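Coordinate analysis (summary)
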Amino acid sequence: MSTVHPMRKYQEQAVLSASPEQLILKLYDLGIAACRRNDRPKVRAVLVELMSALNFEAGGELAERLYALYEFCLRESAIGDIAVVQRILEGLREAWYEGVVMARAA
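From a predicted model like this one, the values you see are computed outputs, not experimental measurements.

1. What about the overall build of the chain?
Each helix and strand in the chain was counted, giving five helices and zero strands. In the chain, the succession of helices and strands from N to C terminus is α-α-α-α-α. At a minimum sequence separation of 6, the contacts of the chain that also span at least 24 residues come to 56%. When the accessible surface of the chain is summed, it comes to about 7200 Å², and 57% of that surface belongs to carbon and sulfur atoms.

2. Comments concerning unusual backbone geometry
Here the phi dihedral of Asn38 falls at roughly 60°; this positive angle occurs in a residue that is not glycine. Within the secondary structure, Asn38 is located in the loop between α2 (20-36) and α3 (40-53).

3. Comments concerning helix α4 (residues 56-79)
Between its first and last C-alpha atoms α4 spans 28 Å; for 24 residues at 1.5 Å apiece the expected length is 34 Å, and the helix comes up short by more than 12%. Along α4, the sharpest kink reaches roughly 70°, centred on Leu62. The N-cap of α4, judged by a side-chain oxygen 3.0 Å from the amide nitrogen of Glu57 a few residues on, is Asn55.

4. Overview of α3
Helix length check: α3, at 14 residues, gives a terminal C-alpha distance of 20 Å against a target of 20 Å (1.5 Å per residue), a fit within 8%. What α3 keeps buried is the set Val43, Val46, Leu47, Leu50 and Met51. Angularly, the buried residues of α3 cover 140° about the axis, an arc narrow enough to put them on a single face. What points out from α3, more than 90 degrees from its buried face, is the exposed set Pro41 and Ser52.

5. Details of the nonpolar core
One broad trend across soluble globular proteins is that nonpolar side chains are buried collectively. Core analysis: the biggest nonpolar cluster contains 22 residues, and Tyr28, Val43, Leu47, Leu50, Tyr70 and Leu89 have the highest contact counts within it. Elements with a minimum of two residues in this core: α2, α3, α4 and α5 (82-105). Per element, the largest residue contribution to this core is six residues, and it comes from α2.

6. Digging into the pattern of salt bridges
Inspection of every chain in the model, using the stated rule, returns four salt bridges. The residue Arg93 makes a salt bridge to Asp29 at a minimum N-O spacing of 2.5 Å. Taken together, the positions of Arg93 in helix α5 and Asp29 in helix α2 put the pair 64 residues apart, joining distant regions of the chain. Overall, Arg93 belongs to the partly exposed group, its relative accessible area being 21%. Measuring nitrogen to oxygen at the nearest pair gives 2.6 Å for the salt bridge that ties Glu61 to Arg65. In this pair, Glu61 and Arg65 are both assigned in helix α4, four residues apart and thus about one turn of the helix distant.

Basis of the calculations
Residues numbered from 1 in each chain as written. Predicted model: local features only at pLDDT ≥ 70, side-chain atom pairs only at ≥ 80, totals over all residues. Heavy atoms only, no water. Helix = DSSP H or I, 4+ residues; strand = E, 2+ residues; numbered from the N terminus. Contact = heavy atoms within 4.5 Å. Areas by Shrake-Rupley, 256 points an atom, 1.4 Å probe, with all protein chains shown as cover. Expected span 1.5 Å × (residues − 1). Bend = angle between axes of the 7 residues up to and from the residue. Polar contact = N/O pair within 3.5 Å; in protein donor to acceptor, adjacent residues only side chain to side chain. Buried < 20%, exposed > 50% of the residue type's maximum accessible area, 1.4 Å probe, protein only. Arc of directions from axis to C-beta. Core = buried A, V, L, I, M, F, W, Y, C linked by side-chain atoms within 4.5 Å. Salt bridge = Lys/Arg side-chain N within 4 Å of Asp/Glu carboxyl O.

Written out as structure tokens, the structure reads:
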């Protein structure tokens, strides 16, 4: 008999079957939710994952700018205003959804 909670298993399957674009969207969602709960360690973990997901060869200047923005959010999440980080992540999430996820679906 499995002791894994059914919701946990569902979430694992959702992550394993998600496209790279959807995974970034999920990271933004996790970061925003963590900001709402003032869970600074989780926000920082999400930001580190977003930073590590950047492809500087393919992304060029955009990847560099995103990296700088994530670094700013990382500093703010440690000692600054978490609401600023939340607003930035919400804006990035919306742009990612409209510019990448919806474009792939079309």
